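Listed here are the chains, written in short residue letters.
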Amino acid sequence: MDRISNAQMNSLGTRKIYYEDVHQTDFTAVVTECVPAKEEGYYLIVLDASAFFPEEGGQSADKGTLNGQEVLDVSIKQGILYHKMTCELPAGTEVTGHVDWNRRFDFMQQHSGEHMISGLLHSHFGLENVGFHLSDREVTLDMNGEVSLEQLRLIEQEANAYVWKNLPVNISWPSSEELVNLNYRSKLALTENVRIVEIPGVDLCACCAPHVDTTGQIGLIKIVNVQSHRGGVRINILCGGRALADYTEKQDSVWAISSLLSASCSRHLISCPAVIWLTVNATSIIISIRTSINGGFTIKRTSSTETAPICRKYFPAPNLSTAKITAKHSTNIRLSLYIRNAIKAETHEQTAAALSDFLSTDSRYSARAKQEKASTVSTVSPESQLFIIFKV
């Protein structure tokens, strides 16, 4: 069933409106308790009912207001919700609450998308989700075994195919007897008051958090990173609005690279060798990029009149003491050259020494790469060119 009875809610502490209707963001309630928090100047407010989902199950709490004042955090203990605020609300006070819907729906998209990825990894490869974190900035899921990039790509494609089918996301509260016969995912051994989230044919999992009504509401599911972690893998994903924002940012980067290279936005940009050229003269650094596209070379040279805007773009520090050149691809491959303290040098010889010192000691490069990069920086005279080869 979609909702839990009021009697059962009351037996679990605060009446949880987000279980009755995940879309309800405005509500009225009565303060039952107000106690000082451990930190001076903060209070923990207990209500008879609340639409605020607390920090629970690896997910951060909802944001919003009570009587127009910001709710800083929401925690749960023995079924009771505690709303952290900077103002005191005496017991018996009637309050009006408002939950930030945009944030709530964003978290619903991310969490439902995570269930689909974890469920498919479990059904295809027998992997268990042993860790989950959802915040404003990231979504990570930890699996207890290795999985290849090719396998993840197949899982990603299948998950998105289920999104397009717009499957229902079913919520139920099975009895203890029913629970015994369910083959569901859970990190804990649970016996009662278990909330089950089901995506038919994809996942069956115990979960306390708000979810979308149908898989179509998740939008795009995108795996953006994977790395080894404690004998398994940690996977970063983005769903819905976050995935769109990420794609937009990376597309802007591709356009910027294309402009610098005087090349069209093609997939050839993703894997081409590139050379970043720095032309040093008495007063400025001129940037140009040379890259191999379709077997030939396209050269983008900056003229003297372009020097100022390019320096403002790539060397934003007021005194130009720390410089950074970064270009991002849509596949998250980076071409980057960091120049530390080089611009402080008064002579070209000092500039060359600073560049050489950095390139030969930066721990990100292999020994061979260090030698190759350092060897390109020997002497610098007015209008000479420095070039560093990046193979991506």
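Here the residue index of a chain counts from 1 through its sequence in written order. Owing to the predicted nature of the model, reporting of local features is limited to residues with pLDDT of at least 70; listing and counting of side-chain atom pairs is limited to 80 or more, with chain, interface and lining totals taken over all residues. To obtain the side-chain values, all non-hydrogen atoms of the structure were included, while hydrogens and water were left out.

Novice: How would you summarise the overall build of the protein if you had to cite specific residues and measurements?
Specialist: In terms of helices and strands, the protein carries nine helices and 22 strands. Only protein chains enter the accessibility calculation, which uses a 1.4 Å probe; a residue is then buried when its area is under 20% of its type maximum, exposed when over 50%, and partly exposed in between. Per-residue burial over the protein gives 47% buried out of 392 residues. Only the protein chains shown count as covering a residue, and every accessible area follows the Shrake-Rupley method with a 1.4 Å probe. Total accessible area on the protein stands at roughly 20100 Å², and carbon and sulfur atoms take up 50% of it. Put simply, DSSP marks the helices as runs of H or I at least four residues long and the strands as runs of E at least two long, and each gets a number from the N terminus on.

Novice: Please provide a residue-by-residue account of the layout of surface pockets, values included.
Specialist: Computed over the protein atoms alone on a 1 Å grid, cavities are sets of points where a 1.4 Å probe fits but cannot get out and pockets are open sets with protein on both sides within 12 Å along at least five of seven lines; a residue lines them when it has an atom within 4 Å of a point. Grid points are joined across faces, edges and corners, and a volume is the space filled by probe spheres set on the points. By volume, the largest pocket amounts to about 790 Å³. Along the wall of the largest pocket there are 28 residues; nearest its centre are Glu 56, Leu 190, Ala 206, Cys 207 and Cys 208. Listed by contribution, the elements that provide at least two residues to the lining of the largest pocket are helix 2 (17–20), helix 3 (101–125), strand 10 (129–134) and strand 14 (203–206). Take the lining of the largest pocket: its biggest share by element is three residues, from helix 3.

Novice: Which residues make up the environment of Ala 49, and what values do they have?
Specialist: Mapped onto the secondary structure, Ala 49 falls in strand 4 (residues 49–50). Along the sequence, Ala 49 and Thr 32 sit 17 residues apart, while their C-alpha atoms lie 9.6 Å from each other. Contacts are assigned to residue pairs that have any heavy atoms within 4.5 Å of one another. In contact with Ala 49, not counting residues within four places along its chain, are Thr 14, Arg 15, Ile 17, Phe 27 and Ala 29.

Novice: Let's hear about the sheet that holds strand 16 (residues 232–239): which residues, and what values?
Specialist: Within a sheet, neighbouring strands are paired by backbone hydrogen bonds and run either parallel or antiparallel to one another. With antiparallel pairing, four strands are arranged side by side in an open sheet as 10-11-16-15. Of all strands in the sheet, those bounded by a partner on one side alone are strand 10 and strand 15 (221–229). The mean inter-strand angle of the sheet, taken between neighbouring strand axes irrespective of direction, is 20°. Two strands form a pair only when DSSP identifies at least two bridges running between them. Note: strand 10 against strand 11 (residues 139–143), five bridges, orientation antiparallel. The residue of strand 11 that forms the bridge with His 133 is Thr 140. Against the sheet, helix 3 contacts strand 10, strand 11, strand 15 and strand 16, and its axis sits at roughly 140° relative to strand 16. Axis angles are defined between N-to-C directions and span 0 to 180 degrees, where every axis is a line fitted to C-alpha atoms and, for a helix, only to the segment in contact.

Novice: For the nonpolar core, give the residues involved together with the corresponding values.
Specialist: Core analysis: the biggest nonpolar cluster contains 59 residues, and Leu 66, Leu 121 and Ile 235 have the highest contact counts within it. With near-sequence residues (within four places) excluded, Leu 121 lies in contact with Gly 126, Leu 127, Met 143, Val 147, Leu 152, Ile 155 and Ile 235. Only buried Ala, Val, Leu, Ile, Met, Phe, Trp, Tyr and Cys residues count toward a nonpolar core, and they belong to the same one when joined by side-chain atoms within 4.5 Å. Of all hydrophobic cores here, the second largest spans five residues; its members include Leu 179, Tyr 184, Val 194 and Ala 206.

Novice: Explain unusual backbone geometry to me, and be specific about the residues and the numbers.
Specialist: In this structure, Gln 78 takes a positive phi of about 55° despite not being glycine. Along the chain, Gln 78 falls in the loop between strand 7 (73–77) and strand 8 (80–85).

Novice: Which residues make up the sheet that holds strand 3 (residues 43–47), and what are the values?
Specialist: With respect to topology, seven strands assemble into an open sheet ordered 6-5-9-2-3-8-7, the strand pairing being antiparallel. Both edges of this open sheet fall to strand 6 (69–71) and strand 7, since each of them pairs with a single strand only. Looking at each pair of strands side by side, their axes are set apart by 40° on average, direction ignored. Where strand 5 (residues 64–66) meets strand 6, three bridges bridge the pair, whose relative direction is antiparallel. Counterpart to Thr 65 in the pairing with strand 6 is Glu 70.

Novice: Residue-level account of helix 4 (residues 149–164), with values.
Specialist: Since the α-helix advances by 3.6 residues per turn, residues separated by three or four positions end up pointing in the same direction. The end-to-end C-alpha distance of helix 4 is 23 Å, a good match for the 22 Å that 16 residues give at a rise of 1.5 Å each. Looking at helix 4, one finds that the buried residues are Leu 152, Ile 155, Glu 156, Ala 159, Asn 160, Tyr 162 and Val 163. Projected down its long axis, helix 4 shows its buried positions confined to an angular sector of 155°, all on one face. Residues of helix 4 that are exposed and point more than 90 degrees away from the buried face comprise Glu 150, Leu 154, Gln 157 and Trp 164. The secondary structure elements touched by the buried residues of helix 4 are helix 3, strand 15 and strand 16. A helix's residues, less one, multiplied by 1.5 Å, set its expected span. Here the arc refers to the directions that run from the helix axis out to each C-beta atom.

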